[in-house]
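Fold and contact review
Listed below, chain by chain, are the residues.
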Amino acid sequence: MLVYQDLLSGDELLSDSFPYREIENGMLWEVDGKWVVQGAVDVDIGANPSAEGGEDEGVDDQAVKVVDIVDTFRLQEQPPFDKKLFLAQIKKFIKNLSAKLDDEQKEKFRKNIEGATKFLLSKIKELQFFVGESMHDDGCLVFAYYKDGAADPTFLYFALALKEVKC
Ligand SMILES: *[C@@H]1O[C@H](CO)[C@@H](O)[C@H](O)[C@H]1NC(C)=O
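Since we're looking at a predicted model, the values are computed, not measured. Sequence order as written defines residue numbering, which begins from 1 separately in each chain. Local features in this predicted model are restricted to residues of pLDDT 70 or higher, and side-chain atom pairs are both shown and tallied only at a pLDDT of 80 or more, whereas totals for entire chains, interfaces and linings draw on every residue. No hydrogens and no water enter the side-chain calculation; it runs on all heavy atoms of the structure.

We count a salt bridge whenever a side-chain nitrogen from Lys or Arg sits within 4 Å of a carboxyl oxygen from Asp or Glu. One pass over the structure, following the stated rule, counts seven salt bridges. Of the charged contacts in the structure, one is a salt bridge between Glu30 and Lys147, with a shortest N-O distance of 3.0 Å. Within this pair, whereas Glu30 is found in strand E4 (residues 28-32), its partner Lys147 is found in the loop between strand E9 (142-145) and strand E10 (154-158), the two being separated by 117 residues in sequence. Whether a residue is buried, partly exposed or exposed follows from its accessible area with a 1.4 Å probe, protein chains only, as a fraction of its type maximum: under 20%, in between, or over 50%, in that order. Its relative accessible area of 6% is what places Glu30 among the buried residues. Salt bridges sharing partners connect three or more residues here, namely Arg21, Glu30, Asp32 and Lys147. Every helix listed is a DSSP run of H or I at least four residues long, and every strand listed is a run of E at least two residues long, numbered separately from the N terminus.

Okay, the sheet that holds strand E8 (residues 128-131) next. Taking strand neighbours across the sheet as the criterion, the six strands line up as E3-E4-E10-E9-E8-E7 in an open arrangement whose pairing is antiparallel. Every other strand in the sheet has two partners, leaving strand E3 (20-23) and strand E7 (76-78) as the edge strands with one partner each. Shown here is a sheet whose adjacent strand axes are inclined to one another by a mean of 30 degrees, direction ignored. Paired strands, in this sense, are two strands between which DSSP finds at least two bridges. Pairing geometry for E7 and E8, over three bridges, is antiparallel. Orientation is described by lines fitted to C-alpha atoms, with helices fitted over the stretch in contact, and by angles between N-to-C directions that extend from 0 to 180 degrees.

Bringing the environment of Glu77 into the picture now. Its place among the elements puts Glu77 in strand E7. The spacing of Glu77 and Met135 is 58 residues in sequence and 9.5 Å in space, taken between C-alpha atoms. Sequence-distant contacts of Glu77, defined by excluding residues within four places in its chain, comprise Gln128, Phe129 and Phe130. Pairs of N or O atoms within 3.5 Å make up the polar contacts considered here, provided that, within protein, one atom can donate a hydrogen while the other can accept it, and that residues adjacent in sequence are counted only when both atoms are side-chain atoms. Of the polar contacts made by the side chain of Glu77, one reaches the side chain of Gln128; its length is 3.2 Å. Contact criterion: two residues are considered in contact whenever any of their non-hydrogen atoms come within 4.5 Å of each other.

Right, dumping it as structure tokens:
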């Protein structure tokens, strides 16, 4: 299994249990989140394969529903960012992250971060903002939004801010 840690904070933000699609020239990863009954995430990891896909059946109304990615990685939701605050945060992030990248990655980041930022800004009113478990001030932001009225959220990660770790 691979886990993806925030290069800046070290927090675990994602794993290969959640497939991703690259968008914005590979700057962002798009990952499908899903509302599930709390605890169902662990079941899906193999404890009880027969429960797979059936998490909505026979569940009583009192069950707590959570978003799988948020629950699994204990992502911490932040108050919404306005455009100004968002840009200030991105500026700090660019500076911090650039210091951790090799030359090739830095070039890729420099060339494409503006496009990715514009993409995120175009959705800023719809976005939810998360950071990793430690809530480090300089940690990488993770975003989620509901695409075209979808029932489940889509997450957006900065690809170059993720460090792949085998475990
Ligand atoms: C981000 O940059 C600031 C200022 O350069 C520095 O003090 C801070 O330690 C950096 N944070 C991380 C997580 O690298």
